[in-house]
Amino acid sequence: MQKEKPYKVKLSIMPFWSPLTPPMGIACLKSYLEQNGYNVRTKDYNAISSLFDFGGRYIALMKSYTPVDRMGNIAMVGYDVLMAHLIAYNNRDDFSLNDYHELVRALILNNFFYQASDEAIENLCELVEQFYSLLAVYLINDIKEKDFDVYGISCYSLTLGPSIFAFKLVKKHFPEVKTIMGGGIFADQFNSNSLELQTFAQKATYIDYFLLGEGEIILLNLLESNFQNVPRILVSDKAVKKVCLDDSALPDFSDFDMNSYPQLVAYSSRSCPYQCGFCSETVQWGKYRNKREEKVVYELRTLTKKYGKNIIVLTDSLLNPNIDKLADALLEVPPDERFYWDTYLRVCDMADDMEKVKKWRKAGLYRVRLGLESGSQHVLDLMDKRITIDKIKSNLQNLADAGVKISTFWVVGFPGETEEDFHETLDFLREIKDNLYEVDPHPFYFYPSGQVDSESWEKIYGYESIYEDKYNDMLMCTYYKLNCQPCREEIYRRLELFRERCEECNIPNPYSLIDIYHADKRWKKLHKAAVPMLNDLIHSSSSIVDEYRDSILLK
């Protein structure tokens, strides 16, 4: 590429990713690169409802064919099938139509454990065909002016198929454009030590460079190199300087239609100070570091005021190290500028102190997202969670009493989870049901590298491919399962029992705004101190009435 710098850069994210907030990653890259003299345009294809709606349509179609006793958490596991189906579509011409259809059948069999009918397979394939036809229309319209020299996509597991499709299309029309792939997919499935990354890179000839880890500096270095004498796979490892978060610019959302998002997004730290066995956050970000509280408050005030939003999501892996000092700083925000914030938190000693919880609530804490993972102390210890069942109970009680919405994440089928362990979790759900705003159960996923405990699991249990080799070729990588108990089919049986228990206890798992509306109504009925409903925060142009928040007197 013989182009005078600075290059014009186009960055995007493909469906299917949550449309509730604008994409943080490419917004941060835009602000950083433009500080360094580059022209950057960003595009969020998730915000195009006609594209995003295909995800829900696919799940609904699959649900119509799936036996009731095989559904599990279909609202989430169904996207695992969709993810793989979207990848396979890009390679279907290299295989027979029968192989393509049989792969989709194998995806359903290995995730829901029943034999799908020919009608189901054909209709699901037709829907994927329709999705890609529409995506092509939007992509061609966006690239036809060829106002860019570099095309980058921030990619996650669920967006891999559409990302492949977009890279192929861009290279077909403009082979001279440099294509770059980054994003969270390189924290687990395609981490730097993974054979899957090498396999994928060899097959994905339409992608020129792969950026692994924190992207600002390695992307800038690539652009500054004029694409000369640099490896195809660039890793933001210990040898690469990290962005100073206290000097970082606000994420740049200027290219997005902010009316498409009910919530804003920001962050106060990167990486995680903990090392749970199944997690890959530290693989993605490296060593934990955070911003000064004063800078965080300035950014939150600036963003909420600029975009007229009442709620902002903090995307920190965990806010525990910062939450108390941040709450102190937010209490200084004038009453007419106050807003709410939503964050990820870990069960901790601080939340056992009701005075602290009330302080957080008065400072605007709206929702916490807790990784509870299991109701069995044995499993929590296997995970190295370093929390107890009693601590979980007391944290939940205090947060719920303060009206804070509590979303919880669970892992079903962790290696070594016994039937007794699992039933302890089911019993625990029934016990704490009124203090749970939401539950989101996930089956245990295994990657040969990329998780904290990947290597030890491999040595203890060994692993094997879930699918046949010809299907792995179509999927461009191999998906694995551990050779241990509980086995994969048992994990998904337990997931179905987990779902049934949640239905019995009337604990929701909302995915859409209408689901959230009904979940909010339940929460307000259960807890007098409940935070305002999200619908009210979205549609109110003035300050929200929150009598409990106003009545809190801090010691």
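Notes on the structure in this doc start here.

Helix and strand counts for the protein come out as 21 helices and 16 strands. On C-alpha atoms alone, the protein measures out to a radius of gyration of 23 Å, which is about the 24 Å that the 2.2 N^0.38 rule sets for 555 residues. Based on the C-alpha atoms only, the size of the protein along its principal axes is roughly 65 × 55 × 40 Å. Taking all contacts inside the protein whose residues are at least 6 apart in sequence as the whole, residues at least 24 apart take part in 77%. As presented, the protein carries roughly 23,000 Å² of accessible surface, and 49% of it is formed by carbon and sulfur atoms.

Turning our eyes to something else, we now look at helix α7 (residues 195-203). For α7, the set of buried residues is Glu196, Leu197, Phe200 and Ala201. Mapping the buried residues of α7 onto a view down its axis gives an arc of 130°, with all of them on the same face. Along α7, the residues that are exposed and aim more than 90 degrees away from the buried face are Leu195 and Gln202.

Here we take up the pairing of strand β4 (residues 178-182). The buried count for β4 comes to five of five residues, which makes it a mostly enclosed element. Where strand β3 (residues 150-154) and β4 come together, five bridges link them in parallel fashion. Opposite tyrosine 151, over in β4, you have threonine 179 as the bridge partner. Assessed by its sense of winding, the connection that carries the chain from β3 through helix α6 (residues 160-173) to β4 is right-handed.

Another aspect to go through is helix α12 (residues 354-362). Those residues of α12 lying buried are Val357, Lys358, Lys359, Trp360 and Arg361. At the C-terminal side of α12, glycine 364 shows a positive phi close to 115°.

This paragraph deals with the pairing of strand β10 (residues 311-314). Residues in a regular strand point their side chains to alternate faces of the sheet. Burial along β10 is two-sided: the face carrying Ile311 and Val313 and the face carrying Ile312 and Leu314 are both buried. Note: strand β7 (residues 264-266) against β10, three bridges, orientation parallel. Paired with valine 265 across the bridge in β10 is valine 313. Here four bridges tie β10 to strand β11 (residues 340-345), and the two strands are oriented parallel to one another. Across the sheet, residue valine 313 finds its bridge partner in β11, namely aspartate 342. As a crossover connection, the stretch from β10 through helix α11 (residues 323-330) into β11 is right-handed.

Conventions used here
- Throughout, residues of each chain are indexed from 1 in the direction in which the sequence is written.
- Per-residue local features of the predicted model are confined to residues with pLDDT of at least 70, and side-chain atom pairs are confined, for both listing and counting, to 80 or more; whole-chain, interface and lining totals are unaffected and use all residues.
- Derived side-chain values reflect all non-hydrogen atoms in the structure, with water molecules and hydrogen atoms excluded from consideration.
- Working definition: helices are DSSP H or I runs of at least four residues, strands are E runs of at least two. Numbering for both runs from the N terminus.
- The globule rule used for comparison is 2.2 Å times the number of residues to the exponent 0.38, while the radius of gyration itself is calculated over C-alpha atoms.
- Pairs of residues are marked as contacts when any of their non-hydrogen atoms sit within 4.5 Å.
- Residue burial considers only the protein chains on display, and all accessible areas are found by Shrake-Rupley using a 1.4 Å probe.
- Working definition: with a 1.4 Å probe on protein chains only, accessible area under 20% of the residue-type maximum means buried, over 50% means exposed, and in between means partly exposed.
- Think of it as the arc spanned by the lines of direction from the helix axis to the C-beta atoms.
- Paired strands are those between which DSSP finds at least two bridges.
- Whether a crossover is right-handed depends on one test, that the path from the first strand over the helix to the second runs clockwise when the strands point away from the viewer.

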